[in-house]
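Topology and contacts: notes
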Amino acid sequence: VYDYVMKQPETQAFYSKLIDVIEFCLPGYKKEGKSSVTIAIGCTGGKHRSVAIAERIANHLKTDNYAVNISHRDYMKKKETVNRSWARPNRNAIR
């Protein structure tokens, strides 16, 4: 799953922009004396894209000698059924 997600052009573009922002911000937080920073990544299900991107960010920051704790909040969560019937036009509506 990780390889598939990371090979997508949209993912590559997103990650590149996101890591640029993170790398720009972290030295400022450190200079201000912050001892921790929370970076949260979300997606629709919380099991594929967000997990892959969070893992890649964590690995990147570890190579820059940052202490990293990673947690995937929704990884084990059961998929909920979503009723999207409200989004479809009612074919029986009076016009």
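Right, let's walk through the structure included here. Quantities reported herein were computed from a predicted structural model and do not represent experimental measurements. As a convention, each chain's residues are numbered from 1 in the sequence order in which they are written. Local features in a predicted model are, by the rule used here, given only for residues with pLDDT of at least 70; side-chain atom pairs are given and counted only at 80 or more, and totals for whole chains, interfaces and linings are based on all residues. In computing side-chain values, all of the structure's heavy atoms are included and hydrogens and water are not.

Turning to the overall build of the protein, a few remarks are in order. What counts as a helix is a DSSP run of H or I of at least four residues, what counts as a strand is a run of E of at least two, and both are numbered from the N terminus. A count of helices and strands for the protein gives three helices and zero strands. Nonlocal contacts in the protein, meaning residues at least 24 apart in sequence, comprise 61% of its contacts between residues at least 6 apart. As presented, the protein carries roughly 8,400 Å² of accessible surface, and 52% of it is formed by carbon and sulfur atoms. Working rule for contacts: check all heavy atoms of both residues, and any pair within 4.5 Å makes them a contact. The Shrake-Rupley method, run with a 1.4 Å probe, gives the accessible areas here. Residue values count only the displayed protein chains as cover.

Let us look at the side chain of T11. Summarising the element assignment, T11 is placed in helix α2 (residues 9-31). Its relative accessible area of 11% is what places T11 among the buried residues. Not counting chain neighbours up to four residues away, the residues in contact with T11 comprise V5, M6 and I53. Under the scheme applied here, a residue whose accessible area is under 20% of the maximum for its type counts as buried, over 50% as exposed, and between as partly exposed, the area being computed with a 1.4 Å probe on protein chains only.

A few words now on α2. Helix span, expected: 1.5 Å multiplied by one less than the number of residues in the helix. Spanning 23 residues, α2 covers 34 Å between terminal C-alpha atoms, matching the ideal 33 Å at 1.5 Å per step. Taken as a whole, α2 has its buried residues at T11, Y15, L18, I19, I22 and L26. Buried-residue contacts for α2 involve α1 (2-7) and α3 (49-63). Count one or two residues on from α2 and you reach G33, which has phi positive near 90°.

Next up on the list: the packing of aromatic side chains. Within 6.5 Å between ring centres, the rings of Phe, Tyr and Trp (the latter by its six-membered ring) count as paired, and their orientation is classed by plane angle as stacked under 30 degrees, edge-to-face over 60, tilted in between. Within this structure, the stated rule accounts for zero aromatic pairs. Lying over the aromatic face of Y15, R56 brings its terminal NZ or CZ to 3.9 Å of the ring centre. Two conditions define a charge sitting above a ring: the NZ of Lys or the CZ of Arg must be within 6 Å of the ring centre, and it must be within 35 degrees of the ring normal.

Counting 11 residues, the largest nonpolar core is built from V5, M6, Y15, L18, I19, I22, L26, A52, I53, I57 and L61. Counting residues per element, the ones that place at least two in this core are α1, α2 and α3. The greatest single-element share of this core, amounting to five residues, is contributed by α2. Residues grouped as a nonpolar core are buried Ala, Val, Leu, Ile, Met, Phe, Trp, Tyr and Cys residues, joined through side-chain atoms within 4.5 Å.

Side chains of Y29, V37 and I39 sit close together on the surface and give an oily, nonpolar patch of about 230 Å² of accessible area. Within the secondary structure layout, V37 lies in the loop between α2 and α3. Among the residues examined, V37 registers a relative accessible area of 38% and is labelled partly exposed. Nonpolar side chains (Val, Leu, Ile, Met, Phe, Trp, Tyr) within 5 Å and like charges within 9 Å form the patches, drawn only from residues with over 30% relative accessible area and no salt bridge. Every case where a carboxyl oxygen of Asp or Glu lies within 4 Å of a side-chain nitrogen of Lys or Arg is listed as a salt bridge.

Let us look at α3. Counted at 1.5 Å a residue, the expected span for α3 with its 15 residues is 21 Å, and the 21 Å between its end C-alpha atoms agrees. Those residues of α3 not exposed but buried are S50, V51, A52, I53, A54, I57, A58 and L61. The inward-facing, buried residues of α3 contact α1 and α2. Just beyond α3, the residue with positive phi is N65, at close to 65°.

Geometric descriptors of this kind do not, in isolation, establish any biological role.
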